[in-house]
Amino acid sequence: MYPSELRYSEEHEWLKLEDGNRARIGITEFAQKELGDVVFVELPEEGTVVNAGDSFAVVESVKAVSDIYAPVSGKVVEVNDALNDSPELINEDPYGEGWIAVIEVSDVAEIDSLLTAEQYQQLVEE
Amino acid sequence: MLKRTPLNEVHKAAGAKMVEFGGWEMPVQYSGVLVEHRTVRTKAGMFDLSHMGELMVSGPDAMQALQAVTTNDLSTLEEGRAQYSILCLPNGGIIDDILVYRLPEGYLLVVNAANTEKDIKWLQEQLKGDVKLEDRSAETALIAVQGPLAEEILQKLTSISLDELYSFEWTSGDVAGVACMISRTGYTGEDGFELYFAAERAVKVWEALMEVGTPLGMVPVGLGARDTLRLEARLTLYGNDIDETTTPLEAGLGFFVKLDKPEFIGREALLAQREEGVPRRLVAFVMEGRGIPRKGYPIRDEQGNEIGVVTSGSFSPTLEKDIGMGYVKASLADAGSRIFIDIRGKYRPAEIIKGRFVQGHTRRRTG
């Protein structure tokens, strides 16, 4: 449920460091389940500069509006446009097709402060 | 401590996600809001509504006493029929919206769960003459079966000829061997039934309906889809679209306010409002692009001036568009008008529509 190669935030986002300083970001299995059917995603614009902890996207289920917070600081360099037409990808494949954005991380060391899979699992099981 | 319906354990066993609603622990969804919603529109869904309040008003003066506290005209309510009505404050604000059934022994008022205590207190104060008010909420279960296959499903469990029962009519009859009030009413915009019966039989009736309904595609439905279904049917929700600060005339419920009745609480205020014209109107609107309107979001005009507020909003699973309702300054509330919903600071265009978002299929008596 919580792949070990990913890092996690307490706000239920996952982060995957790809080549160099590019980090792909999405929401966790736990988060998509809590939300229920996702029906709308408001994506950030490419080029947006974000600080860790900033709300930079919004995911809406039928009943709830949830802010998505940038787990790290940097610049949004790619967004998942497929979510505009198929927001349900977040429910169906939260770690794959349901990714939200790629951030070019300004300080890769920030990632060390995020939770490991094991730590995150402990958090959601509390 | 949250209150529980007699079906609480059944919902949990079925894997429902439970939430707090009006002091009750209720299922918000079982399989998922979207699939539950669509199944009600295409097949059938079953709802536990046992949290709603049932109040019996009887005695020689019951009819006169109720006439004085409700906006609709009870003198036109025949036995075997149900009537939508409203309890108003003297200033015209809405205390509750209710369903009134005429029974041989009196009138049964079905009230919103969160308002039950408040309504009882109000009625105790306001009902005049030789009248008895009984709270039957705890001993009454309420299960609704809604959707185009509702009649076929329910017919398997009762000897009553359901095709002779039309919208807003009810009859007494057994369902799965349990004595029920079978009412052709609902809150989804689809054809369907609401069954009132003894609370201790709730599990038996629920399970019998599941057994005959499941092969036809029926699913249990939670409060999540109940809300999106009623919104598509443009039915108001107490606490969202109507409350003590809104009047029935502002909410577009004027049809249920019979101002020619000689006397009822709120009449003077509503007469005056009709004379002067309402300051705002509850409108239904469809978003032009994507963006979900939510309760409390400001409504603006082209120039960005605030002209109203959203009271309900959702993604519409049937239209696959974002829809909502809200109050708009009366002069700007005509169907076809363009308004802007302030969604997190971005002004998104929407069009005010006439009528319902989705026209379901109901079975009305004609001629």
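Thresholds, definitions, all that
- Residues numbered from 1 in each chain as written.
- Chains lettered and ligands numbered in written order.
- Predicted model: local features only at pLDDT ≥ 70, side-chain atom pairs only at ≥ 80, totals over all residues.
- Heavy atoms only, no water.
- Helix = DSSP H or I, 4+ residues; strand = E, 2+ residues; numbered from the N terminus.
- Rg over C-alpha atoms; globule rule 2.2 N^0.38 Å.
- Domains from an automatic or database assignment.
- Contact = heavy atoms within 4.5 Å.
- Buried area = accessible area lost by both parts, 1.4 Å probe.
- Salt bridge = Lys/Arg side-chain N within 4 Å of Asp/Glu carboxyl O.
- Polar contact = N/O pair within 3.5 Å; in protein donor to acceptor, adjacent residues only side chain to side chain.
- Axes fitted to C-alpha atoms, helices over the stretch in contact; angles between N-to-C directions.
- Parallel < 35°, antiparallel > 145°, perpendicular 65-115°, else oblique.
- Left-handed = near helix turned anticlockwise from the far one by under 90°.
- Nonpolar A, V, L, I, M, F, W, Y, C, P; charged D, E, K, R; others polar.
- Buried < 20%, exposed > 50% of the residue type's maximum accessible area, 1.4 Å probe, protein only.
- Arc of directions from axis to C-beta.
- Pairing = 2+ DSSP bridges.

### Overview of the overall build of chain A
Alright, step 1. Secondary structure assignment for chain A yields 4 helices and 9 strands.
Alright, step 2. Helices and strands in chain A line up, N terminus first, as β-β-β-α-β-β-β-β-β-α-α-β-α.
Alright, step 3. Computed over the C-alpha atoms, the radius of gyration of chain A is 13 Å, within 12% of the 14 Å expected from 2.2 N^0.38 for a compact globule of 126 residues.
Alright, step 4. Taking the principal axes of the C-alpha coordinates as reference, chain A spans close to 35 × 35 × 20 Å.

### Description of the domain arrangement of chain B
All names here are of chain B.
Alright, step 1. The assigned domain composition of chain B is domain 1 (8-51 + 138-232), domain 2 (54-135) and domain 3 (279-367).
Alright, step 2. Distance from the C-alpha centre of domain 1 to the C-alpha centre of domain 2: 24 Å.
Alright, step 3. Listed per partner, the contact involves 15 residues of domain 1 and 16 residues of domain 2.
Alright, step 4. Here domain 1 and domain 2 share an interface that buries about 1,200 Å² over both sides, 59% of which is from carbon and sulfur atoms.
Alright, step 5. When the buried area of domain 1 at its contact with domain 2 is split by residue, F168, W170 and Y196 rank highest and sum to 47% of it.
Alright, step 6. Linking domain 1 to domain 2 there are 0 salt bridges.
Alright, step 7. Viewed at the interface, domain 2 and domain 1 are joined by 5 residue pairs in polar contact (both at pLDDT 80 or more).
Alright, step 8. When contributions to the side of domain 1 that touches domain 2 are tallied by element, the ones reaching two or more residues are strand 9 (140-146), strand 11 (178-183) and strand 12 (192-198).

### Some thoughts on the packing of helix 2 (residues 33-42) of chain B against helix 7 (residues 223-232) of chain B
Residue and element names in this part refer to chain B.
Alright, step 1. Between helix 2 and helix 7, the least distance of the axes is 8 Å, while the angle of their chain directions is 50 degrees. Between helix 2 and helix 7, the interaxial angle falls into the category oblique. Regarding helix 2 and helix 7, the two cross each other, and that crossing is right-handed. Touching V33, E36, H37, V40 and R41 of helix 2 are G224, A225, T228, L229 and E232, all from helix 7.
Alright, step 2. Looking at the contact of helix 2 with helix 7, its residues break down into 4 nonpolar, 3 polar and 3 charged.

### Focus: the pattern of salt bridges
Residues and elements named next belong to chain B.
Alright, step 1. Applying the stated criterion across every chain yields a total of 27 salt bridges over all chains.
Alright, step 2. Between E190 and R41 there is a salt bridge, with the nearest N and O atoms lying 3.0 Å from each other. With a gap of 149 residues between them, E190 in the loop between strand 11 and strand 12 and R41 in helix 2 connect regions that are remote in the sequence.
Alright, step 3. For E190, a relative accessible area of 6% corresponds to the buried category.
Alright, step 4. Assessed through its relative accessible area of 12%, R41 is described here as buried.
Alright, step 5. In this structure, E232 engages R41 in a salt bridge whose closest nitrogen and oxygen atoms are separated by 3.0 Å. Taken together, the residues E232 in helix 7 and R41 in helix 2 connect sequence positions 191 residues apart. Accessibility classification places E232 together with R41 in one group, the buried group.

### A word on the environment of E18(A)
All names here are of chain A.
Alright, step 1. Take E18: it is sitting in the loop between strand 2 (13-17) and strand 3 (22-27).
Alright, step 2. Expressed as a C-alpha distance, the spacing of E18 and E104, which sit 86 residues apart in the sequence, is 9.9 Å.
Alright, step 3. A polar atom in the side chain of E18 sits 2.6 Å from the side chain of R24.

### Thoughts on unusual backbone geometry
All names here are of chain B.
Alright, step 1. With a phi close to 55 degrees, A176 is a non-glycine residue in the positive phi region.
Alright, step 2. Within the element layout of this structure, A176 appears in the loop between strand 10 (170-175) and strand 11.
Alright, step 3. For A176, a relative accessible area of 18% puts it in the buried group.

### Some details on helix 4 (residues 116-126) of chain B
All names here are of chain B.
Alright, step 1. Among the residues making up helix 4, those that are buried are T116, D119, I120, W122 and L123. What you see down the axis of helix 4 is that its buried residues fit within an arc of 165 degrees, all on one side. In helix 4, those exposed residues whose orientation departs by more than 90 degrees from the buried face are E117, K121 and Q124.
Alright, step 2. Elements that come into contact with the buried residues of helix 4 comprise strand 4 (53-58), strand 5 (82-88), strand 6 (94-103), strand 7 (106-111) and strand 8 (132-135).

### Notes on the pairing of strand 8 (residues 74-79) of chain A
Residues in a regular strand project their side chains so that they alternate between the two faces of the sheet.
Residues and elements named next belong to chain A.
Alright, step 1. Summarising the sheet, strand 5 (residues 49-50) and strand 8 pair through 2 bridges and their orientation is antiparallel. By the bridge assignment, V49 is partnered in strand 8 with K75.
Alright, step 2. In terms of strand pairing, strand 8 meets strand 9 (residues 101-105) through 5 bridges, oriented antiparallel. Opposite G74, over in strand 9, you have V105 as the bridge partner.

### Topic: the pairing of strand 1 (residues 17-21) of chain B
Residues and elements named next belong to chain B.
Alright, step 1. Note: strand 1 against strand 2 (residues 24-29), 5 bridges, orientation antiparallel. Bridge pairing in strand 2 links E20 to E25.
Alright, step 2. The hairpin formed by strand 1 and strand 2 contains 2 residues between the paired strands, and G22 there has a positive phi angle of roughly 55 degrees.

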